[in-house]
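Architecture at a glance
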Amino acid sequence: MGWSGPAADALRVAPGFDLADLDTRSTPGWRGKKRAGRDATAARGRELADLQEKLYAHGRTGGDRSVLLVLQGMDTAGKGGVVRTVLGMVDPQGVALTAFGVPTPEEAAQHYLWRIRRALPAPGTLGVFDRSHYEDVLVVRVEGLVPVETWEPRFEEINAFEREVVESGTTIVKVLLAISPEEQAHRLRRRLERPHKHWKYVPEDIDARERWRDYQQAYQEVLDRTSTEHAPWHVVPADRKWFSRLAVTELVGRALEGLDLDWPVTEVDVESELARLEASEV
Ligand code: ADP
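Counting of residues starts from 1 at the beginning of each chain's written sequence and follows it residue by residue. Per-residue local features are limited, in this predicted model, to residues with pLDDT of at least 70; the limit for side-chain atom pairs, both in listing and counting, is 80 or more; totals at the level of whole chains, interfaces and linings are taken over all residues. Side-chain figures throughout are based on the complete set of non-hydrogen atoms in the structure, without hydrogens or water.

1. Focus: the overall build of the chain
Counting its regular elements, the chain contains 13 helices and seven strands. When its C-alpha atoms are laid out on the principal axes, the chain stretches across 75 × 45 × 40 Å. Contacts between residues were defined by any pair of non-hydrogen atoms, one from each residue, lying within 4.5 Å. Across the chain, every contact between residues at least 6 apart in sequence was considered, and the portion connecting residues at least 24 apart equals 82%. If you average the places of the 38 positive and of the 46 negative side-chain charges in the chain, the two averages end up 8 Å apart. Helix and strand definitions here come from DSSP, where helices need a minimum of 4 consecutive H or I residues and strands a minimum of 2 consecutive E residues; each element is numbered from the N-terminal end. Residues scored as positive are Lys and Arg, those scored as negative are Asp and Glu, and His as well as the terminal groups of each chain are ignored. Note that the charge is assigned to NZ on lysines, CZ on arginines, CG on aspartates and CD on glutamates.

Here's what the structure looks like:
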């Protein structure tokens, strides 16, 4: 039971990957059922807390590293649950969550990467993007919000932008949470059937659902054109919530481990400070 190898290897988009062929109920790289998956998520979470504290300490002592989790997915794919799981296990002090919705008038007046740059994680921070600059080649394309001549060059621009971000010390973990249309129907139905979930429901969700194929095509092109060596995409089958939460926890844990950080060495003379503490009178 457990991961049969690095989760990133099982989930990373390989050349020729076809989203249409994905089994969204599968659990690539993971051998085990729900209970074991949940236990593993909790266990990894305890390690994540330690790793993130190390990253925070690194940032506080002049280090330049950070980690950015970029989450994309159709409505109800479970982005919120993944964010709660991952961020619920670490110290809120060192994290920065940004959700990107329809651009505000201020944002819309700027280049589409303007609001993204402003939200990049500071050194020592674990940043999470709930939606991202990819909306500018997804919803914008599918809904025809700008002409093709405008969105088409964005793939190259995004690759160059992400390279710059990586070179400045940020590890980018890109995750597409992939659900099936059947699972989405089930989740939307549950939302509509439960009054305390009505606040989450917007009629536009069904409009987007009706363009499912167009979105799949747009996502496929995102995977084909922006899964780079410096910032590869991972596709996480998300019909089983316990698996998507486990997988993203694992991917973030690995990214933090990959920074290979040590606890900063203090310049304080610990012995003499202890002596001062003992001698201090209150
Ligand atoms: P969520 O659906 O993630 O819970 P919201 O209800 O705030 O969050 O929805 C965000 C909406 O904003 C989505 O419909 C998304 O397509 C849209 N959006 C995000 N970025 C852009 C963008 N750059 N241009 C147009 N719409 C966008």
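Next, the rest of the story.
2. Observations concerning the sheet that holds strand β6 (residues 170-178)
The five strands lie next to each other as β4-β5-β3-β6-β7, forming an open sheet whose pairing is parallel. Looking at the sheet topology across the chains shown, the edges are occupied by β4 (95-99) and β7 (233-237). Between one strand and the next, the sheet's axes are offset by a mean angle of 20 degrees, whatever the strand orientation. As paired elements, β6 and β7 share five bridges and run parallel to each other. Its bridge partner lying in β7, L177 is registered against V236. DSSP calls a pair of strands paired once it identifies at least 2 bridges connecting them. Interaxial angles span 0 to 180 degrees and are taken between N-to-C directions of axes, which are lines fitted to C-alpha atoms, for helices over the stretch in contact.

3. Notes on the pairing of β6
With respect to burial, β6 is a largely interior element, eight of its nine residues being buried. Note that strand β3 (residues 66-73) and β6 share eight bridges and pair parallel. The residue bridging V67 from the neighbouring strand is T171, located in β6. Relative accessibility decides the category of a residue: with a 1.4 Å probe and only protein chains considered, values under 20% of the type maximum give buried, values over 50% give exposed, and everything between is partly exposed.

4. Side note on the site of the ligand
Residues are classed as near a molecule or strand on a simple rule: at least one heavy atom within 4 Å of it. What surrounds the ligand is a group of 13 residues, the closest being D75, V102, R115, R131 and D136. One of the backbone N or O atoms of G101 is found 3.2 Å from a nitrogen atom in the ligand. By the criterion applied in these results, polar contacts are pairs of N or O atoms within 3.5 Å in which, for protein atoms, one can donate a hydrogen and the other can accept it, and in which residues neighboring in sequence qualify only through two side-chain atoms. A distance of 3.2 Å separates a nitrogen atom of the ligand from a polar atom in the side chain of R115. Look at the ligand: alone it shows 570 Å² of surface, and the protein chains cover 64% of it. Classes in brief: Ala, Val, Leu, Ile, Met, Phe, Trp, Tyr, Cys and Pro nonpolar; Asp, Glu, Lys and Arg charged; the others, Gly included, polar. In the shell around the ligand, the residues fall into six nonpolar, one polar and six charged. All accessibility values rest on the Shrake-Rupley procedure with a 1.4 Å probe; residue burial counts only the protein chains present in the view.

5. Here's the deal with the packing of helix α3 (residues 79-88) against helix α12 (residues 241-258)
The contact between α3 and α12 brings their axes to 9 Å, and the two run at 50 degrees. What the angle tells us is that α3 and α12 run oblique. With respect to the hand of their crossing, α3 and α12 are arranged in right-handed fashion. In contact with G81, V82, T85 and V86 of α3, α12 contributes S244, R245, V248, T249 and V252. Counted by class, the contact of α3 with α12 contains four nonpolar, four polar and one charged residues. Orientation labels follow simple angle bins: below 35 degrees gives roughly parallel, above 145 gives roughly antiparallel, 65 to 115 gives roughly perpendicular, and whatever is left gives oblique. Each helix crossing is assigned a hand: it is left-handed if the near helix lies turned anticlockwise from the far helix by less than a right angle, otherwise right-handed if that turn is clockwise.

6. What to know about the UniProt feature "domain: Polyphosphate kinase-2-related" (unreviewed entry) in the chain
UniProt positions are given in the numbering used here, feature names are shortened, and annotations may be inferred rather than shown by experiment. Within the UniProt annotation, "domain: Polyphosphate kinase-2-related" (unreviewed entry) is assigned to residues 34-257. Taken end to end, residues 34-257 is 54% helix and 14% strand, and its two terminal C-alpha atoms sit 25 Å from one another.

7. Remarks on the packing of helix α2 (residues 34-60) against α12
Put simply, α2 and α12 touch, their axes get as near as 9 Å, and they point 30 degrees apart. With respect to their mutual orientation, α2 and α12 come out roughly parallel. Relative to α12, α2 is oriented so that their crossing is left-handed. Of α12, the residues touching α2 (which contributes K34, G37, R38, A40, T41, R44, G45, E47, L48, L51, Q52 and L55) are W242, R245, L246, T249, E250, V252, G253, R254, L256 and E257. Per-class residue counts for the contact of α2 with α12 are eight nonpolar, six polar and eight charged.

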